[in-house]
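# Structure at a glance
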Amino acid sequence: MKLTTWNVNSLRVRLPQLLTLLETQRPDIVALQETKLTDDVFPVEVFSERGYQVAFSGQKTYNGVALLSRQVPAGLQIGVPGLDDPQRRVIAATVDGVRVICLYVPNGQAVGSEKYDYKLSWLSAVRVWLQQELATHARVAVVGDFNIAPEDRDVHSPERWAGQVLVSAPEREAFQALLDLGLKDAFRLFEQPERVFSWWNYGALAFARNWGLRIDHILVSETLARECRSCTVDLEPRRHERPSDHAPVVAEFGERGEAAG
DNA sequence: ATGGCTTACAACGTAAGA
């Protein structure tokens, strides 16, 4: 089973690239962030024609999340239960026996700003909900754009970024609090090359220089971690013309002894 | 990157992203 998460930064613009990804990567489940589409214009047929079920929660201009899956999604959840938030940042469903929770964590803008406070309180509400999800599901994947680089090795220049939004201590503590629920960073289950990132600023040759951050993640419950066979960043879409500023992150799962994929 | 892009918007500059 292959699970991919990707912040597309406008599904309308990135749709051709996403269809290429579906053909070449053949994922079973795809979690999308920043679709920037209202639900009435979500391209349902484009995906159903290619064998994917869709679930989505969007709004105009900003945010928006979606799940694509080969199998029919069950137990669909839009938003964080009990959290009154007009921003469409959360969608969850059970597919292939895995509770897949897709998050688009607020950016936070700048340390100390109103949006930064919103980010931290949002993460706190998500943590409370995830605790319940982990208590009721053995196989859980919490995936998406977390807008947090968990460690200095996830930052191209820790000195330059020190204390900034995306790497600040309170954000990293909030990320660690999610791991403390019993989640593992799938990427770190495996030996990885140095300087692997999932986001690079547009322009300034940032991608060519690999001036990036690893802020997109796949977190897995301990049961699911035992089934995880690989977790990688797919750099290919970032090389395309008109790329998203984020690269997809891909994890493969299989039974013990089964080949990945 | 202290942003040097990119996206959306009844838009032609502004807000927001990360």
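In short, a report on the structure. (Residues numbered from 1 in each chain as written. Chains lettered and ligands numbered in written order. Predicted model: local features only at pLDDT ≥ 70, side-chain atom pairs only at ≥ 80, totals over all residues. Heavy atoms only, no water.)

### Digging into the pattern of salt bridges
Inspection of every chain in the model, using the stated rule, returns 10 salt bridges. We note a salt bridge from Glu49 to Arg50, for which the minimum N-O separation is 3.8 Å. With a relative accessible area of 64%, Glu49 lands in the exposed category. Judged by relative accessible area, which is 35%, Arg50 ranks as partly exposed. (Salt bridge = Lys/Arg side-chain N within 4 Å of Asp/Glu carboxyl O. Buried < 20%, exposed > 50% of the residue type's maximum accessible area, 1.4 Å probe, protein only.)

### Focus on the nonpolar core
Core analysis: the biggest nonpolar cluster contains 33 residues, and Leu3, Leu67, Ala141, Ile218, Val220 and Phe253 have the highest contact counts within it. Broken down by element, the residue count for this core peaks at 4 residues, all from strand S7 (residues 98-104). Counting 22 residues, the second-largest nonpolar core is a separate cluster that includes Ile101, Trp122, Leu123 and Ala174. (Core = buried A, V, L, I, M, F, W, Y, C linked by side-chain atoms within 4.5 Å. Helix = DSSP H or I, 4+ residues; strand = E, 2+ residues; numbered from the N terminus.)

### Let's talk about the sheet that holds strand S1 (residues 2-7)
Judged by pairing direction, the sheet is mixed, and its 6 strands sit side by side in the order S3-S4-S2-S1-S14-S13 without closing on themselves. Strand pairing shows two members of the sheet lacking a second neighbour, strand S3 (53-57) and strand S13 (228-233), which therefore form its edges. Pairwise comparison of adjacent strand axes, ignoring direction, gives a mean angle of 10 degrees for this sheet. Contacting S1, strand S2 (29-33), strand S4 (65-69) and strand S14 (249-253), helix H1 (residues 11-25) crosses the sheet at an angle of about 160 degrees to S1. (Pairing = 2+ DSSP bridges. Axes fitted to C-alpha atoms, helices over the stretch in contact; angles between N-to-C directions. Contact = heavy atoms within 4.5 Å.)

### Description of helix H3 (residues 114-136)
Helix length check: H3 (23 residues) gives 34 Å between terminal C-alpha atoms against 33 Å at 1.5 Å per residue, within 8%. Residues of H3 that are buried: Tyr116, Lys119, Trp122, Leu123, Val126, Trp129, Leu130, Glu133 and Leu134. (Expected span 1.5 Å × (residues − 1).)

### With respect to the protein's contact with DNA strand B
Neighbouring DNA strand B are 27 residues, the closest being Ser10, Asn107, Arg160, Asn201 and Ala206. Per the 4 Å cut-off to the protein, sugar and phosphate atoms form 62% of the nearby atoms of DNA strand B. With respect to DNA strand B, the side chain of Asn7 contributes an N or O atom lying 3.3 Å from a phosphate oxygen. At 3.0 Å from a phosphate oxygen of DNA strand B is found a side-chain nitrogen or oxygen belonging to Arg242. (Near = heavy atom within 4 Å. Polar contact = N/O pair within 3.5 Å; in protein donor to acceptor, adjacent residues only side chain to side chain.)

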